[in-house]
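What follows is the residue order along each chain.
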Amino acid sequence: MTGVAVLGTLVAGCGTSDAGGDEGKAPASPSKPATVASVTQAQAKAIFDRYQKVNNKANAQVSDELLRSNETGPLLEADLAGNKRIRGKHDKKIDAFYYRDAQFYIPRTTGPAWFVVTAKETEESNTELLVFVDTGGGSYKATFGTWLEDGQKFPAIARNADGSATAVTSGPALGVGAKVSEYLTVAARGKRPPAGEVAPGPLTSKLGKNWDKSVREINDGLRWAGGTTWKARPEPVYALKTADGGALVVAASEQKLIYTAIRENVWYQPDKSYYGLGPKRYYKRFTGTRLWAFATHVPPSGPADVLAYSSHTVSASGS
């Protein structure tokens, strides 16, 4: 069965029940979910080309309206926060971008139609993975964008005889976002995460250690106390079957930084990436939110490997 899965929710066929209790009546067979129409390769390319054109115009104008017409979900949330920072003169406008070497992976689905594109920006060497989803009536918008980490590569995606990909809609692979979030939270506390579920690497063990160092530097001043945690977002998870029988899963996680003053007459200045989302200085409490997107390879056996990511500050509050 193919389709889009929501984290913690498996896509299933709708069954019927004999609530009236009519004896001798054959039970109704569960109905199979109908396969929705997916785009062709040419249509996917046209959608991808339009995405580049509209986003370049949106970035040039710092236009929230144009972004909303072209993006949805985590990607839109991150870019709207970016626009807020740009308008506040805390960041510069995004330069025009163009892609090359695009590859399209289009699954036949039983939920909203969606597809994946991997491509490189003309001036960049790293590969970006984007997810486009039908938001209604064949109107496709980009919902995820993740960049391949240096030294990593995406696994081969399984192809059917007609060239289509296969969406993974059930099984433990869909919960990998929660496992990655737990791993990072534990590592950022200076502890050793559970072994065997998530592979150590630049986006897991190294990332967690870097945040542990940051937390220690703030808390060791004996002026502020707090820490950081990650939590999987309750949003759609997109997964494609890989040639090795595993899955490539794209999911969102939210990172919270919470610090509280433990001395009088002190102030805290967060990272500059939060400027424009809240005050530059905090005197009693600071809460910052970063939105992460991870693309993770979950093999048939062995630990999951986080290959690509994006990270954006999206909110800041406190007093």
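Residues numbered from 1 in each chain as written. Predicted model: local features only at pLDDT ≥ 70, side-chain atom pairs only at ≥ 80, totals over all residues. Heavy atoms only, no water.

A. Structural view of the overall build of the protein chain. A tally of regular secondary structure across the protein chain gives 5 helices and 10 strands. When each of the 319 residues of the protein chain is scored for burial, the buried share is 48%. A sequence separation of at least 24 residues applies to 64% of the contacts in the protein chain between residues at least 6 apart. (Helix = DSSP H or I, 4+ residues; strand = E, 2+ residues; numbered from the N terminus. Buried < 20%, exposed > 50% of the residue type's maximum accessible area, 1.4 Å probe, protein only. Contact = heavy atoms within 4.5 Å.)

B. Inspection of the pattern of salt bridges at higher detail. Summed over the entire model, instances satisfying the criterion amount to 9 salt bridges. The residue R108 makes a salt bridge to D162 at a minimum N-O spacing of 2.7 Å. One end of the pair, R108, is in the loop between β2 (99–105) and β3 (114–121); the other, D162, is in the loop between β5 (140–148) and α4 (176–188), and 54 residues separate them in sequence. Classification of R108 as partly exposed rests on a relative accessible area of 36%. (Salt bridge = Lys/Arg side-chain N within 4 Å of Asp/Glu carboxyl O.)

C. Expanded view of unusual backbone geometry. With a phi close to 55°, L222 is a non-glycine residue in the positive phi region. Following the sequence through the fold, L222 ends up in the loop between α5 (205–219) and β6 (224–232). Here L222 falls in the exposed class, since its relative accessible area comes to 58%.

D. Main features of the environment of L148. Mapped onto the secondary structure, L148 falls in strand β5. Spatially, the C-alpha atoms of L148 and L307 are 5.9 Å apart, while their sequence positions differ by 159 residues. Discounting residues that sit within four places of it in the chain, L148 has contacts with N126, T127, K153, F154, L307 and A308.

E. Expanded view of the nonpolar core. Core analysis: the biggest nonpolar cluster contains 59 residues, and W114, V131, F154, V249, Y259 and F286 have the highest contact counts within it. If we skip the residues at most four places from it in the chain, F154 touches T118, T127, L129, L148, L248, A295, L307 and A308. Counting residues in hydrophobic clusters, the runner-up holds 18 residues, among them F115, L130, F132 and A142. (Core = buried A, V, L, I, M, F, W, Y, C linked by side-chain atoms within 4.5 Å.)

F. A look at the side chain of S311. With respect to the element layout, S311 can be found in strand β10 (residues 305–318). At 3.1 Å, the side chain of S311 and the side chain of R290 are in polar contact. The contact partners of S311, leaving out residues within four places of it in the chain, are R290, L291 and W292. (Polar contact = N/O pair within 3.5 Å; in protein donor to acceptor, adjacent residues only side chain to side chain.)

G. Quick peek at the environment of W147. Its place among the elements puts W147 in strand β5. C-alpha separation for the pair W147 and L307, spaced 160 residues apart in sequence, amounts to 8.4 Å. In this view, W147 contacts E121, N126, T127, E128, L307, A308 and Y309; residues no more than four positions away in its chain are not counted.

H. Structural context of the side chain of S63. Looking at the element boundaries, S63 is found in the loop between α1 (41–61) and α2 (64–70). With relative accessibility at 12%, the residue S63 sits in the buried group. In this structure the side chain of S63 is engaged in a polar contact, spanning 3.4 Å, whose partner is the backbone nitrogen of E65. Excluding residues that lie within four positions of it along the chain, S63 makes contacts with A58 and N83.

I. A look at the layout of surface pockets. Estimated volume of the largest pocket: approximately 780 Å³. Elements with a contribution of two residues or more to the lining of the largest pocket: α1, α3 (73–87), β4 (127–134), β5 and β10. The element contributing the most residues to the lining of the largest pocket is α3, with 8 residues. (1 Å grid on protein atoms, 1.4 Å probe; cavity = no way out; pocket = protein on both sides within 12 Å on 5 of 7 lines; lining within 4 Å. Points joined across faces, edges and corners; volume = space filled by probe spheres on them.)

J. The packing of α4 against α5, seen in detail. The N-to-C vectors of α4 and α5 enclose an angle of 40°; their axes lie 7 Å apart at closest approach. The angle between the axes of α4 and α5 places the two elements in the oblique class. Seen from above, α4 lies across α5 with right-handed handedness. Together, Y183, L184, A187 and A188 of α4 and S205, L207, G208, K209, W211 and D212 of α5 make up the contact between the two elements. Its residues placed into classes, the contact of α4 with α5 shows 6 nonpolar, 2 polar and 2 charged. (Axes fitted to C-alpha atoms, helices over the stretch in contact; angles between N-to-C directions. Parallel < 35°, antiparallel > 145°, perpendicular 65-115°, else oblique. Left-handed = near helix turned anticlockwise from the far one by under 90°. Nonpolar A, V, L, I, M, F, W, Y, C, P; charged D, E, K, R; others polar.)

K. Up close: the pairing of strand β8 (residues 247–261). The pairing of β6 with β8 spans 9 bridges and is antiparallel. The residue bridging K231 from the neighbouring strand is E254, located in β8. As paired elements, strand β7 (residues 236–241) and β8 share 4 bridges and run antiparallel to each other. Residue pairing for β8: L240 is matched across the bridge by L248. Taking the residues that link successive antiparallel strands as the turn, the β7-β8 hairpin has 5 residues, and the phi of G245 there is positive, at about 90°. (Pairing = 2+ DSSP bridges.)

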